[in-house]
Amino acid sequence: MTKAPLLEIRNLTVAFDTPSGTVHAVNDVSYSIEEGETLGIVGESGSGKSVHALSMVGLIATPPGRIVRGEVIFNGRNLLALSQRELFDLRGREIGFVFQDPMTSLNPVLTIERQIAEPLRRHFGMSASQARIRVIELLELVGIPDAEQRARQYPHEFSGGMRQRVMIAIGISCNPKLLIADEATTALDVTVQAQILDLVRELKRKIGTTVIWITHDMGVVAGLADTVQVMYGGRIMESGPVRSVFYDPRGAYTWGLLKSLPHGERRGTNRLYQIPGNPPDLTQEPVGDPFAPRNPFATDRCRVETPPLVNAPDSVPGHKVAAWYDLRAEIQRMEGRP
Amino acid sequence: MKSFLLALLKSRSGLFGFVLVLVFILAALLAPYLGLPVPTRSSLVARMTAPTWTGLFSPGAHPLGTDELGRDILSRIIYGSRLTLTIAATAVVLGGIVGTLLGIVAGYYRGMVDRVLMRIVDIQLALPLMLLALLVIAALGPSTSNLIVVLALTSWLRYARIIRGQVLALREREFILSAHAIGASTWRIMIKHLLPNVMTPALVIATLELARIIIMDAALSFLGLGVQPPNPSWGRMLADGRVYISTAWWIVTFPGIAILITVLSVNLLGDWMRDYFDPKLRTSR
Amino acid sequence: MSRYLLVKLLEALVAIWGVVTIVFFVSRVLGDPAILLLPVGASQQDLDTLRAGLGLDKPLIQQYAVAMLDMLRGNFGISFQHNRPAMDVVLERMPATFELAGTALIFGTLIGSVAGAIAALKRGTLAEFIVMIAALLGQATPVFWLGIMLILVFSVDLGWLPTGGSGTIAHLVLPGLTLSVFVSASIARLLRSSLLDIMREDYVRTARAKGLLPHTVFFWHIARNALIPVVTMIGIIAGELLGGSVVIETVFAWPGVGRIVVQAIQAQDFPVIQAGVALVAAIFILINLLVDLLYGVLDPRIRRR
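Residues numbered from 1 in each chain as written. Chains lettered and ligands numbered in written order. Predicted model: local features only at pLDDT ≥ 70, side-chain atom pairs only at ≥ 80, totals over all residues.

### Quick word on the overall build of chain C
Argument step 1. Along chain C, the regular secondary structure elements total 13 helices and 0 strands.
Argument step 2. In chain C, the order of α-helices and β-strands from amino to carboxyl end is α-α-α-α-α-α-α-α-α-α-α-α-α.
Argument step 3. With the principal axes as the frame, chain C shows a C-alpha extent of 85 × 55 × 30 Å.
Argument step 4. For chain C, the residues scored as buried account for 43% of the 305 residues in total.
Argument step 5. In chain C, 72% of the contacts between residues at least 6 apart in sequence involve partners at least 24 apart. (Helix = DSSP H or I, 4+ residues; strand = E, 2+ residues; numbered from the N terminus. Buried ≥ 20, exposed ≤ 12 C-beta atoms within 10 Å, placed from the backbone. Contact = placed C-beta atoms within 7 Å.)

### Focus: helix α7 (residues 160–172) of chain A
In an α-helix, one turn spans 3.6 residues; hence positions three or four apart end up facing the same way.
Residues and elements named next belong to chain A.
Argument step 1. The first and last C-alpha atoms of α7 sit 19 Å apart over 13 residues, in line with the 18 Å expected at 1.5 Å per residue.
Argument step 2. Counting buried positions along α7 gives 12 out of 13 residues, so the element sits mostly inside the fold.
Argument step 3. Every buried residue of α7 is accounted for by G161, M162, R163, Q164, R165, V166, M167, I168, A169, I170, G171 and I172. (Expected span 1.5 Å × (residues − 1).)

### A short note on the domain arrangement of chain C
Argument step 1. Partitioning chain C into domains gives domain 1 (2–86) and domain 2 (95–255).
Argument step 2. A C-alpha centroid distance of 37 Å is found between domain 1 of chain C and domain 2 of chain C. (Domains from an automatic or database assignment.)

### Some words on the packing of helix α9 (residues 202–209) of chain C against helix α10 (residues 214–251) of chain C
Residues and elements named next belong to chain C.
Argument step 1. The geometry of α9 relative to α10 is characterised by a closest axis approach of 10 Å and an angle of 155 degrees between their N-to-C directions. As summarised for this structure, α9 and α10 are arranged roughly antiparallel, according to the angle between their axes. Handedness of the crossing formed by α9 with α10: right-handed. Touching Y203, V204, A207 and R208 of α9 are V217, H221 and I222, all from α10.
Argument step 2. Its residues assigned to classes, the contact of α9 with α10 shows 5 nonpolar, 1 polar and 1 charged. (Axes fitted to C-alpha atoms, helices over the stretch in contact; angles between N-to-C directions. Parallel < 35°, antiparallel > 145°, perpendicular 65-115°, else oblique. Left-handed = near helix turned anticlockwise from the far one by under 90°. Nonpolar A, V, L, I, M, F, W, Y, C, P; charged D, E, K, R; others polar.)

### Details of the interface of chain A and chain C
Argument step 1. The interface of chain A with chain C comprises 23 residues on the first partner and 18 residues on the second.
Argument step 2. Elements that contribute at least two residues to the side of chain A that touches chain C include exactly α2 (84–90), α3 (102–105) and α4 (112–124) of chain A.
Argument step 3. Looking at the side of chain A that touches chain C element by element, the count peaks at 4 residues for α4(A).
Argument step 4. Its residues placed into classes, the side of chain A that touches chain C shows 11 nonpolar, 6 polar and 6 charged.

### Overview of the sheet that holds strand β1 (residues 7–18) of chain A
Residues and elements named next belong to chain A.
Argument step 1. The 4 strands are arranged β2-β1-β4-β5 in an open sheet whose pairing can be described as antiparallel. A single partner strand is all that each edge strand has here, and the edge strands are β2 (21–33) and β5 (77–78).
Argument step 2. As judged from the 2 bridges shared by strand β4 (residues 65–74) and β5, these two strands associate in the antiparallel manner. Each residue of the ladder has a partner; that of I73, found in β5, is N78.
Argument step 3. Contacts from helix α1 (residues 49–56) reach β1, β2 and β4 within the one sheet, and its direction differs from that of β2 by about 75 degrees. (Pairing = 2+ DSSP bridges.)

Printed below as a string of structure tokens:
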């Protein structure tokens, strides 16, 4: 009955050797994603959410980057054990990427057609004219009008939203099994962002790709993902079905993130919550719960021993949290004594 | 200033350049106290003596040999550095003042003033600097002061261009806008507010320009269009020594090495300063 | 594209006009051609006659207009030294200068590009260190002195190559090599830093994420973009080459435009100086026009502006 997951990551640990010390960017990250699922990964910059995804397919510079240990099983193969050549064949073909800031992520001196056609010609050996037909098909699919004409233009002739659509077209061009979107809507204004999210939902319905959506915006994940995973200081702090994590958070960091979201009913009455303190210094050897210094509920144990990611008590299956404290009890205690 | 020096100490190439530049300046300043033979005194007996490093400190020693008139080459190089460095520094300062002021004016007033000035810069850039220098010296006649004028003439536009760009950005900043708001005069804004803020880029350009101008000065003197004899200048020494290339290689070799090391160290210092203060300047050179 | 082309053409014409104006004023205002033309000790009357004959008694503006028309027609007057039209004297020397500067530009660019690419790709290795030291030395060396040193080693000591003159490939080697060193040093340094900048760009990561092979990423995404500042640099270098060849031609007794201009300066032969400067400037402007056009082809963002 249990089908093997499409992607399974075990104990992935990534470090960067910099002049000012070793940066522990990703620490012991393990999770899996089923075929057809949409996973949202949330965290602030420096949480390791982008780095871990890039490191899976050899897209971080080594050196200074270094994969300390771990396994990334994708479709039955350990990606970290692949040869360079096998990785080149995999990238863009089986795993597609959509990056943030479409302004800088597209090559300014090549036509849109060429940039979308590149993976097609590389992976499917298409001729220029075959690729051209597919490029126009893709542009229409991602909602770019006058595709034929627009294909001949350059990135600077496109608006931000249109460029992001082009990025998505590149990401899905070879029908990858997995699409990883890294802050794909961050650089866009809110209305355009909503349009892009609609497009992704529609594409998922049409082609059924598995998606990992990396963002710092809880709101985006709520509207898009099936499961969500919260990262902090290079670790997964909490993960589980979107509804459960949102309505019944068990990690103090998740709770802080949710509190800092503007809510409809609270507008005007309450000031937005801000998580106190600064992001962790990743050049320190990770000891204990990385969020402990900023966590009002932290216990002594949090500061010395790293909590494992385990099933949250009395929650839905699959909802996991890494915490030594009991968030529900703490919140009740706090709200009981106003 | 302290962080500047600290960063300098950390950078190997910057420090290397800085120390060498310091050594050259000290040698030039202290030349009369170094116990060197008089650079212009010729000696028929000692004509074209090859470099000898035995008995370095005995009075008649010529560590870098002597030239066709028996003058000590080391002494001529060190005394020559006074002339060469003075000429180059004066030209850099002259070009720097003119270029910086014009750059501020163009950037501040914009409009017509700016357009005319930048057009002049473009036109002058259409003439290779060496040819402009040749043309002007041909008309003015070769002399040390004309040389300085010509070198400054090839230099002002680099300042003007870059400083103008900086001022264009600066004039939209709050402190300039508020100076306007409280009714500060145009002059006051330019001198008190804009000038201090473009001093750093101007200094970086000046350092890089110094290197270029030393080479150009040597080239013009080499063609006989710069410093006139018997004053020792590096370019002049090269020109004179070239004739004896098959009999006395040292006459033409050592002044060239002096130029090379000076330019190299000034360049290293300048490159480092540019990267330290404003890496964006790199694209404008 | 056509608008861009038109603007650039117009700019080139303005630049040529500006250069010719500079040439006129520098020579006419600063030096009196009549005094230069006459032998020392000529009477005031002789001088006035000659002035009138040359149109020098007319108002400056009128002289300027006449001179402009003449210069635009290529008429720079008769060379005092050669007794022939100055432009002819200069034009004859043009092929030799082209031969030298062209050789240096081609070889210098090739060597500089390879060295710069090696330095960027082999970051942190001995190869990068050697290239960078060589480039720094190359930029700090006065070209003409390098020429003299090469003569010292290869002509005087080893006797392999001629010390100067022209005619055979052997004559071209040393001056060509000398100028190439300067060109390649500038190109290598610029290309290296340009490549390193581009390698960090987001679109290079996009290219890798597409699964493109390393050589495709390098040539189409990195080098293609890193080339843009290098092309601009080649325009600047062309100017320095034309200027630098003045000195190098003198060192190697190379019969080019630079050498004849220097000789003309020594002989106060103004028509030849003017013709030489104007011609070289015009060529330089033309080269920069080509560079601008190439720039437009390489960078679509410029084209539309």
